[in-house]
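Remarks on the overall topology
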Amino acid sequence: MRPYTRGMNDRQRAQGPLAIAAIASAGAAVMHATAAGIHADHPTLSRTFVAITIAQAAAAVVGFLRSGRIAIAVLVSVNAFAFGGWLVTRFAGISWFPGLEVAESPQLADSIAAVLALVAVVAAASALGERSPLIPSRAVVSSAVLVGVMMVPGLLAATDHDHSGHDADGHSTAAGTADDGHAHDDETTASDDGHAHSAETTAGEPTDTDEHGHDDAAADDDHAHESGEAAGASGDTDDPVEPEPPAWPRPWDPTAAIDFSGVPGVTAGQLARAEQLAADTLRDLPAFADVSTVSALGYRSIGDSSTGFEHYINVGYIADEKFLDPTAPESLVYQVDGDARTLVSAMFIAKNMPMDDPALVDIGGPLMEWHVHLNLCWGLNEAGEAVVKSVLENLDDACPAGTVNAGGENPMVHVWIAPHDCGPFAALEGHGAGQTATGTRSDQCAHDNHEDGPGDGDGDGDGHGTAEAAATKPYDPTMPIDLGGIDGVTPQQQAFAENLVAATIRDLPQWADLEAVAAAGFHSIGDGATGHEHYIQWDWIDDDIILDPDFPESLVFEPQPDGSKKLVSAMFMLPRGVAVEDAPDFGGALMQWHVHGDLCFTDDPVAPKVVGVKAIGTTCRAPLVDGTLAPMVHVWITPTPCGPFAALEGIGAGQVAAGEEALCDTAHGSH
């Protein structure tokens, strides 16, 4: 027997290794206690860290006070569990655990906690044998000092931890990790490569939500410019007072009695004419319900079915003497459901009259607003018929080669025979809204036309921004990214969102060349006529990389006047098996995932094209097939009115999670 072991029993020999194991376990407990506070916005995750903290601290106490198999078992089991959990969350993720759904790359703080847990396991396990190593007391003291020194940078790093980004396969967007080339660094407000992947407007209903996803019914009730005294203004609080209906627009129910009264500025003659036009259209327009018969009457589609509404125009009726006649409407509007068409509106067109012509304006006064379409580029389809090929973002631009801007100066107005939240004369949304004499619309339910509404920047949805929100900065990709000023967004969520935007601005331009896009396997879905054309790499949707501008699932281009296409956005997508309700809450109220459950594609396994829409919850009619329901979110590299993560407008807005309203971040928008 070696001299330094003479006279020592197994208990005494085990005390040294157990002391080191207890010190390491105590250090790991402190790190996890810090993590519990940092993850307070994930209650379940925070409580888990608290439980681990208590367990490791208790194991440390047992290791200090006892020696033997019980102490060894406690230290080994507790810390092995902690280390194993760290491995799983860093390389696989736990799909059923809130806050740990996808893997997060190792960071300094959690790595130190894992190392300490592993040291505790190894040190405690070494005390099991009959000849456990003898640890001098000074070595135990030195180990305590070493653990304390290790914890300092870990605790400092923990204060910068961004736990909102748990990417799959270790591609984290959290702070302080750049080991795998996919981490977002909070210090530099950029990631090394960043990979993000993706309200509910039901096809079959003209507009459940406005062009920015706001609930139009709510907008009508809460945001309309009301006339007269408010309900209860008389001071009588004993008897309920029925509130006056909102002035205009009002939700339109064609099955109810027609009553457009009570709108300020409307004369008796204007009221009578507007109500009579609505009644006549409801009575006579259904004669055109069968779309298969209208071609014989001289109607031709303008090829805009991908917007969700298809217009059929009779050029001969524009030139005739009839006007506002539902037996001879200049245009018919059908809602698209796969290959089915449902008549929902007439679009009456006035010939050779300016929009502000007093005779035109006086027809319905403030009840009706005329518009034109000066931003449409026309070309010929395969049958030689004139159709809309693209939409200009700027009226001063020229149409792409092979198309012409036909003018579109003739004023027009819709009259709906289907329910519409924005009234009987409402315009379409998005690019279909056209241009008015004033430049703004009063016949839409969009947030731009109300004094308040969702997206005011203060997070409460009442439309009245706070002083803090008023200090927010518009989103400008050429300037430092600052997405602050939104209530309810944690610092970690803001940092994640800012980092993702910065990384996308920096890295996405590598995909600006369409030849490189094609070479990488992207295919257009054929929606350029909407003003934005999506190219999708279908093989990347179900991979294990998300929110990475080096590997974006979809690219969004804008057709340009010279025929080129400008890269304006990434559309990152999660795997198909993820429901939109389960999409990770990386950016909080700054980021909102959506799906497209209303699109019908051609049955092409390589390059499917969008050729129609369907009602939510239904199936596309053969030979068309349903599109993917992978959750997605845009990240724009150009200024947008609704902020850097805005969805498209109109039919392109998609559907958000149940119970949510589509967000429009006007606080950081480019208005």
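Our structure's up above, just so we're on the same page.
The following refers to the structure shown. Bear in mind the structure is a predicted one, so any value in this text is a computation, not a measurement.

1. Quick word on the sheet that holds strand 6 (residues 331–337)
- One open sheet accounts for 5 strands, arranged 4-5-6-7-10; its pairing is antiparallel. Only two strands of the sheet have a single neighbouring strand rather than two, namely strand 4 (300–301) and strand 10 (412–416).
- Sheet topology note: the strand 7 (residues 340–349)/strand 10 ladder contains 5 bridges and is antiparallel. Residue pairing across strands places Ile349 opposite Met412, the latter belonging to strand 10.
- Packed on one face of the sheet, helix 7 (residues 268–284) meets strand 7 and strand 10 and runs near 65° to strand 10.

2. With respect to the pairing of strand 15 (residues 565–573)
- By the criterion of burial, strand 15 is predominantly enclosed, with 7 of the 9 residues buried.
- Sheet analysis places strand 14 (residues 554–559) next to strand 15, joined by 6 bridges and oriented antiparallel. Bridge pairing in strand 15 places Val556 opposite Ser569.
- Linking strand 14 back to strand 15 in an antiparallel pair, the connection comprises 5 residues, with Gly563 at a positive phi of about 95°.
- The pairing of strand 15 with strand 19 (residues 632–636) spans 5 bridges and is antiparallel. The residue bridging Met571 from the neighbouring strand is His634, located in strand 19.

3. Let's talk about the packing of aromatic side chains
- Under the defined criterion, the tally for this structure stands at 16 aromatic pairs.
- Geometrically, the ring pair formed by Tyr535 and Phe557 is edge-to-face, given 5.3 Å between the ring centres and 75° between the ring planes. Within this pair, whereas Tyr535 is found in strand 12 (residues 533–536), its partner Phe557 is found in strand 14, the two being separated by 22 residues in sequence. Judged on exposure class, the residue Tyr535 and its partner Phe557 are both buried.

4. Let's talk about the state of the cysteines
- This structure, assessed with the given rule, holds 3 disulfides.
- The disulfide partner of Cys600 is Cys620, and the S-S distance across this bridge is 2.1 Å. Between Cys600 and Cys620, the S-S torsion sits near -95°, and that sign places the bridge as left-handed. Taken together, the positions of Cys600 in strand 16 (residues 599–601) and Cys620 in the loop between strand 17 (610–613) and strand 18 (625–626) put the pair 20 residues apart, joining distant regions of the chain.
- Cys620 sits in the buried class, given a relative accessible area of 8%.
- Sulfur-sulfur distance for the disulfide between Cys642 and Cys664 comes to 1.9 Å. Taking the torsion about the S-S bond as the criterion, the Cys642 to Cys664 disulfide, at about -75°, is left-handed. Taken together, the residues Cys642 in the segment after strand 19 and Cys664 in the segment after strand 19 connect sequence positions 22 residues apart. The residues Cys642 and Cys664 share a single accessibility class, namely buried.

5. Concerning the packing of helix 3 (residues 69–91) against helix 4 (residues 108–125)
- It is at 8 Å that the axes of helix 3 and helix 4 come closest, and there the two elements cross at 145°. As for the relative orientation of helix 3 and helix 4, their crossing is left-handed in sense. Every residue of helix 4 that contacts helix 3 at Ile72, Leu75, Val76, Asn79, Ala80, Ala82, Phe83, Trp86 and Arg90 is listed here: Asp110, Ser111, Ala114, Ala117, Leu118, Ala120, Val121, Ala124 and Ala125.
- Split by residue class, the contact of helix 3 with helix 4 holds 14 nonpolar, 2 polar and 2 charged.

6. Section: the pattern of salt bridges
- If you walk through the whole model with that rule in mind, you get 10 salt bridges.
- Two residues, Asp280 and Arg283, come together in a salt bridge whose shortest N-O distance is 3.2 Å. Taken as a pair, Asp280 and Arg283 lie in helix 7 at a separation of 3 residues, close to a single helical turn.
- Of the charged contacts, one joins Glu385 and Arg300 as a salt bridge, the two residues approaching to 4.0 Å between their closest N and O atoms.

7. A short note on a nonpolar patch on the surface
- Together, Val61, Phe64 and Leu65 line one region of the surface with nonpolar side chains, adding up to about 330 Å² of accessible area.
- Along the chain, Phe64 turns up in helix 2 (residues 43–65).
- Taking relative accessible area as the criterion, Phe64 reaches 49% and is therefore assigned partly exposed.

So, how was this worked out
- Residues numbered from 1 in each chain as written.
- Predicted model: local features only at pLDDT ≥ 70, side-chain atom pairs only at ≥ 80, totals over all residues.
- Heavy atoms only, no water.
- Pairing = 2+ DSSP bridges.
- Helix = DSSP H or I, 4+ residues; strand = E, 2+ residues; numbered from the N terminus.
- Contact = heavy atoms within 4.5 Å.
- Axes fitted to C-alpha atoms, helices over the stretch in contact; angles between N-to-C directions.
- Buried < 20%, exposed > 50% of the residue type's maximum accessible area, 1.4 Å probe, protein only.
- Phe/Tyr/Trp six-rings, centres within 6.5 Å; stacked < 30°, edge-to-face > 60°.
- Disulfide = S-S within 2.5 Å.
- Left-handed = near helix turned anticlockwise from the far one by under 90°.
- Nonpolar A, V, L, I, M, F, W, Y, C, P; charged D, E, K, R; others polar.
- Salt bridge = Lys/Arg side-chain N within 4 Å of Asp/Glu carboxyl O.
- Patch = residues over 30% accessible without salt bridge, like charges linked within 9 Å, V, L, I, M, F, W, Y side chains within 5 Å.
- Areas by Shrake-Rupley, 256 points an atom, 1.4 Å probe, with all protein chains shown as cover.

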